[in-house]
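# Summary of the model geometry
Below, each chain spelled out in residue letters.
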Amino acid sequence: MEIIQQILPFVFLIAIMYFVIIRPQNQQAKKHKEMLEALVKGDKIVTSGGLVVEIKKVEDKYFVIKMNNETEARLVKEAVARKYEDEV
C-alpha cells in the first residue's frame, strides 16, 4: 500500500506533462506536416528566416522558390514556417 502512495504522485506528474507539453507539440507537428503536404505551385510561404517567397515547383524534399523576378532557389521543406496569407 505504501508503494502505491509513493508512486501515485509520479504518475500524476507524468500525466500532467503529457497533456500540457507532449500532446500539444505532437498536434502542432501534425498540422505543420499536413500544411506542407497541401502546398502547391503558386502558394506564398514564409520561411523560418522570415522571407516571403512564392513556390515555383514542388519536389520530394525541396521547394523551388521564386524570391523575385530573377532569383530562384531551392528550399528544404522543413524551413517553411507557415503559409503566407495577405492581410488586406
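The following paragraphs examine the structure supplied in this document.

## Some remarks on the pairing of strand β2 (residues 52–58)
One ladder, built from three bridges, connects strand β1 (residues 44–47) with β2; its direction is antiparallel. Note that in β2 the partner of Ile45 across the bridge is Val53. Between β1 and β2, which follow one another and run antiparallel, lie four residues, and Gly50 among them has a positive phi close to 95°. Pairing of β2 with strand β3 (residues 62–66), which is carried by four bridges, proceeds in the antiparallel orientation. Paired with Val58 across the bridge in β3 is Phe63.

## Description of a nonpolar patch on the surface
Together, Phe10, Leu13, Ile16, Met17, Tyr18, Phe19, Val20, Ile21 and Ile22 make up an exposed nonpolar region whose accessible area comes to about 910 Å². Within the secondary structure, Met17 is located in helix α1 (residues 2–38).

## Quick notes on the side chain of Lys77
Of note, Lys77 is situated in the loop between β4 (72–76) and β5 (80–83). For Lys77, the residues in contact, after removing those within four places along its chain, are Leu36, Val58, Glu59, Asp60, Lys61, Tyr62 and Phe63.

## Observations regarding the sheet that holds β2
One open sheet accounts for five strands, arranged β4-β3-β2-β1-β5; its pairing is antiparallel. Each end of this open sheet is capped by a strand with a single partner; those strands are β4 and β5. Neighbour-to-neighbour, the strand axes of this sheet turn through a mean angle of 45°, independent of strand direction. The sheet contacts of α1 involve β3 and β5, and relative to β5 the element is tilted by about 75°.

## So, the pairing of β3
Between β2 and β3, which pair antiparallel in sequence order, lie three residues. Examined bridge by bridge, β3 and β4 share five bridges and lie antiparallel to one another. For Lys66, the partnering residue across the bridge sits in β4 and is Glu72.

## Quick look at α1
Residues that lie three or four places apart on an α-helix share one face, since the helix turns once every 3.6 residues. Between its first and last C-alpha atoms α1 spans 53 Å; for 37 residues at 1.5 Å apiece the expected length is 54 Å, and the two agree. Most pronounced at Tyr18, the bend in α1 amounts to some 40°.

The rules behind these values
- Residues numbered from 1 in each chain as written.
- Predicted model: local features only at pLDDT ≥ 70, side-chain atom pairs only at ≥ 80, totals over all residues.
- Heavy atoms only, no water.
- Pairing = 2+ DSSP bridges.
- Helix = DSSP H or I, 4+ residues; strand = E, 2+ residues; numbered from the N terminus.
- Patch = residues over 30% accessible without salt bridge, like charges linked within 9 Å, V, L, I, M, F, W, Y side chains within 5 Å.
- Areas by Shrake-Rupley, 256 points an atom, 1.4 Å probe, with all protein chains shown as cover.
- Salt bridge = Lys/Arg side-chain N within 4 Å of Asp/Glu carboxyl O.
- Contact = heavy atoms within 4.5 Å.
- Axes fitted to C-alpha atoms, helices over the stretch in contact; angles between N-to-C directions.
- Expected span 1.5 Å × (residues − 1).
- Bend = angle between axes of the 7 residues up to and from the residue.

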